[in-house]
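Structural description and commentary
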Amino acid sequence: MKTAFATLFAASCALPLMAGAAEHHVVIDGMKFTPQVVQVRKGDTIVWENRDMFVHNVTAAGVKSGDLQPGKTWRWAVPAKMSFDYLCTLHPVMKGRVEVK
């Protein structure tokens with residue numbers, strides 16, 4: 001009985017590690033990023049999807065999506081615990097933030 005309990009306890013402790021990274025989605029539409037602030041953890045992936053009728057991009061220091069045509073997506077894995085603001089350089093009023101916990 002002790003062995004079964006110890007095995008079950010060890011497995012439950014490892015569950016958060018086994019759960020892996022999460023995927024977060026940001027929609028580009030109506031000349032804005034939604035959500036404007038996305039909260040992630042190191043190792044998570046953010047997927048930006050351009051549902052707008054215009055070309056947009058996601059740009060920050062060290063983060064450059066290139067031009068995203070309507071209907072296209074761009075995936076980026078968060079490499080470090082670094083929060084930052086980003087924008088679309090084609091439409092600088094479009095701003096967002098990635099907060100890494």
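Residues numbered from 1 in each chain as written. Predicted model: local features only at pLDDT ≥ 70, side-chain atom pairs only at ≥ 80, totals over all residues. Heavy atoms only, no water.

- The protein is annotated in an unreviewed UniProt entry as Plastocyanin/azurin family copper-binding protein from Massilia orientalis.

Regarding the pairing of strand S3 (residues 37-40)
- Alternating residues of S3 divide into Val-38 and Val-40, all buried, and Val-37 and Gln-39, none buried.
- Sheet analysis places S3 next to strand S9 (residues 91-100), joined by four bridges and oriented parallel. Within S9, the position partnered with Val-40 by the bridge is Val-100. (Buried < 20%, exposed > 50% of the residue type's maximum accessible area, 1.4 Å probe, protein only. Helix = DSSP H or I, 4+ residues; strand = E, 2+ residues; numbered from the N terminus. Pairing = 2+ DSSP bridges.)

Brief notes about the sheet that holds strand S1 (residues 23-29)
- In space, the four strands of this open sheet follow the order S2-S1-S4-S7, with mixed pairing throughout. Each edge of the open sheet is held by one strand with a lone partner, namely strand S2 (32-34) and strand S7 (73-77). The sheet shows a mean angle of 20 degrees between the axes of neighbouring strands, taken without regard to direction.
- As paired elements, S1 and strand S4 (residues 45-50) share six bridges and run parallel to each other. If you follow Val-27 over to S4, its bridge partner there is Glu-49. (Axes fitted to C-alpha atoms, helices over the stretch in contact; angles between N-to-C directions.)

Quick word on the pattern of salt bridges
- All told, the structure shown has four salt bridges when counted by the stated rule.
- Note that Glu-23 is salt-bridged to Arg-75, the shortest N-O span being 2.5 Å. One end of the pair, Glu-23, is in strand S1; the other, Arg-75, is in strand S7, with 52 residues separating them in the sequence.
- A residue is classified by how much of its surface remains accessible, and Glu-23, at 39% relative accessible area, is partly exposed.
- Salt-bridge contacts for Arg-97 lead to Glu-99; the nearest nitrogen and oxygen are separated by 3.4 Å.
- Residue classification places Glu-99 among the partly exposed positions, given a relative accessible area of 22%. (Salt bridge = Lys/Arg side-chain N within 4 Å of Asp/Glu carboxyl O.)

Observations concerning unusual backbone geometry
- Put simply, Thr-34 and Pro-35 share a cis peptide bond, and its omega is 0 degrees.
- Phi at Met-31 is positive, roughly 60 degrees, even though this residue is not glycine.
- Assignment of secondary structure puts Met-31 in the loop between S1 and S2.
- Owing to a relative accessible area of 30%, Met-31 belongs among the partly exposed residues under this scheme.

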